[in-house]
Amino acid sequence: MEPTFLIRTFGCQMNEHDSERIGGLLMADGMAPTEVADDARVIVLNTCAIRENADNKLYGNLGHLKPLKERRPDLRIVVAGCLAQKDQGLIQRKAPWVDVVVGTHALPQLLDLLRRSETDGPQMDVREYTEVFPSALPAARADAFRAWVSIAVGCDNACTFCIVPLVRGVQRSRPIGEILAEVQGLAARGVVEVTLLGQNVNTYGRDLSVPGSSRRPLFARLLREVNAIDAIRRIRFTSPHPHDFTPDVIDAMAECDDVCEHIHFPLQSGSDRILRAMQRSYRRERYLDWLGRIRAAIPDVAVSTDIIVGFPGETEEDFRETLDVVERAGFDSAYQFQYSPRPGTRAATMDGQVPKAVVQDRFDRLVTLQEAISLAKSRAQVGRTVEVLVEGDGRRRGSTQARTRTNRIVHLPEPIVPGTFVQARVTDAAAHHLTGEVVAEQVSVGV
Ligand code: SAM
Ligand code: SF4
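Keep in mind that what you see is a predicted model, and the values were worked out from it rather than measured.

### Digging into the nonpolar core
Within the largest apolar cluster, 69 residues are counted, with the highest numbers of intra-cluster contacts made by Val 194, Leu 196, Phe 219 and Leu 222. Per-element accounting of this core gives the leading share, six residues, to helix α7 (residues 176-188). The contact partners of Leu 196, leaving out residues within four places of it in the chain, are Val 149, Ile 151, Val 201, Phe 219, Leu 222, Leu 223, Ile 235, Arg 236, Phe 237 and Thr 238. Grouped together as the second largest cluster of nonpolar side chains are 27 residues, Ala 40, Cys 48, Ala 95 and Val 126 included.

As structure tokens, then:
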């Protein structure tokens, strides 16, 4: 029987994407995936460093793995991802039973590190710079019909709360030809939906130069070129920065039929004072103005956001300004976060850290407001007929989960093959999902 591996992924889509590559590398090396830790020859924890509980989760998980490693010394334990990049040697000092620590720029080295750990003991490779994009590695994809495509890594901004620039480095864009070749290859294999991934996707290309040309391939051009690939019917991207939604990007979104009518537009705070302290480059009115322009150019566009509650120095007045912007913006959905000081970031040492009970109270109020807005936005969909792409089984036996172009989940009552496009009529709505009935089914793809 072939040896098996198990990957546990924490955090964002970037990590999910890296996990697909880790799985792909291990499968190319003759291993098979398992969900049973007791059977696994290799266990990988692909970590996130964005919030505090990420550290606790990692060390808690490693504690659970210790007795397993004692019973089976041939088990290989790997820590990958942003905490590996951030904590480096600390991980093996705290948990000496970890065999390999592999940073965010060193994934291609994984198999070598595993082999070396068998003969030479614990290994670590945490480098400063990405040489090979994770997308260039083999993948073990969860779905046959949709795929993530990495277009850039790192971030050149310096938001004072954020650890990303420290663990993912400065922005490095992938050459446009390489991205398009990957998307064409995916399309040829039946993929119909791609999500372009980067820490700050809409600054794509600013660090690239093309020999013999003064024009850099920027994000708007990338959208247009991916849109020209026939078999791809849905294009998504994450995560963009509001500041970089330049008119050319909005025009490209509006003009490209396959670019989905959904944008993630991270607000972080509705208070100008806090936005300044966060080192976010826009202010509340500017943000709302940009949002208005996007909505005017792309009818029915759905908007999601990220909001941090309890940033150092945030007063009740600042928080009310956030509630005010949330009301005026009318987000379809929002990810709300309680501020978590990340060692190494500027905000971690700022005065005025907000007490936990105050943060919790504000957080609960924000969630209540946003739930009501999300519900109203969902209810406005009832009665419409929309195109959905089937993703897999629903929560109820025999049911199906699908997704609209605007990124809303729709539950359908009957089983349908994943990868099928369906016209569905929305019959009911909750804050975070819709219920629908099939009006017409289209071809199955990617199976
Ligand atoms: N590049 C994106 C942007 O500019 O908005 C953000 C990517 S970050 C991985 C995802 C979200 O995590 C952020 O938008 C922010 O709301 C949240 N986040 C980041 N650092 C945080 C911290 N220290 N505490 C709480 N939330 C945080
Ligand atoms: Fe972090 Fe996003 Fe700011 Fe970059 S733009 S520093 S990834 S929050």
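### Topic: the packing of helix α11 (residues 284-297) against helix α12 (residues 316-329)
For any two helices packed against each other, one specifies the crossing angle of their axes together with the interaxial distance. Contact geometry of α11 with α12 gives a least axis separation of 11 Å together with a crossing angle of 10°. It follows from the interaxial angle that α11 and α12 lie roughly parallel. Contacts between α11 and α12 involve Arg 284, Glu 285, Tyr 287, Leu 288, Leu 291 and Arg 295 from the first element and Glu 321, Asp 324, Val 325, Arg 328 and Ala 329 from the second. Of the residues contributing to the contact of α11 with α12, the split by class is five nonpolar, no polar and six charged.

### Details of the sheet that holds strand β14 (residues 333-338)
What holds strands together in a sheet is hydrogen bonding between their backbones, with the strands either parallel or antiparallel. With respect to topology, three strands assemble into an open sheet ordered β12-β13-β14, the strand pairing being parallel. Since the sheet does not close on itself, it has two edges, and those belong to β12 (262-264) and β14, each with one partner. Recorded for the sheet is a direction-independent mean angle of 15° between the axes of neighbouring strands. Here strand β13 (residues 302-309) runs beside β14; their pairing, made up of six bridges, is parallel.

### Some points on helix α8 (residues 219-227)
Turning to α8, its buried residues number three or more, namely Phe 219, Ala 220, Leu 222, Leu 223, Val 226 and Asn 227. One side of α8 holds all its buried residues, which, seen down the axis, span an arc of 160°. Lining the buried residues of α8 we find α7, β10 (193-197), β11 (234-238) and α9 (247-255).

Rules and cut-offs
- Residues numbered from 1 in each chain as written.
- Chains lettered and ligands numbered in written order.
- Predicted model: local features only at pLDDT ≥ 70, side-chain atom pairs only at ≥ 80, totals over all residues.
- Heavy atoms only, no water.
- Core = buried A, V, L, I, M, F, W, Y, C linked by side-chain atoms within 4.5 Å.
- Buried < 20%, exposed > 50% of the residue type's maximum accessible area, 1.4 Å probe, protein only.
- Helix = DSSP H or I, 4+ residues; strand = E, 2+ residues; numbered from the N terminus.
- Contact = heavy atoms within 4.5 Å.
- Axes fitted to C-alpha atoms, helices over the stretch in contact; angles between N-to-C directions.
- Parallel < 35°, antiparallel > 145°, perpendicular 65-115°, else oblique.
- Nonpolar A, V, L, I, M, F, W, Y, C, P; charged D, E, K, R; others polar.
- Pairing = 2+ DSSP bridges.
- Arc of directions from axis to C-beta.

So yeah, pure geometry; function would need other evidence.
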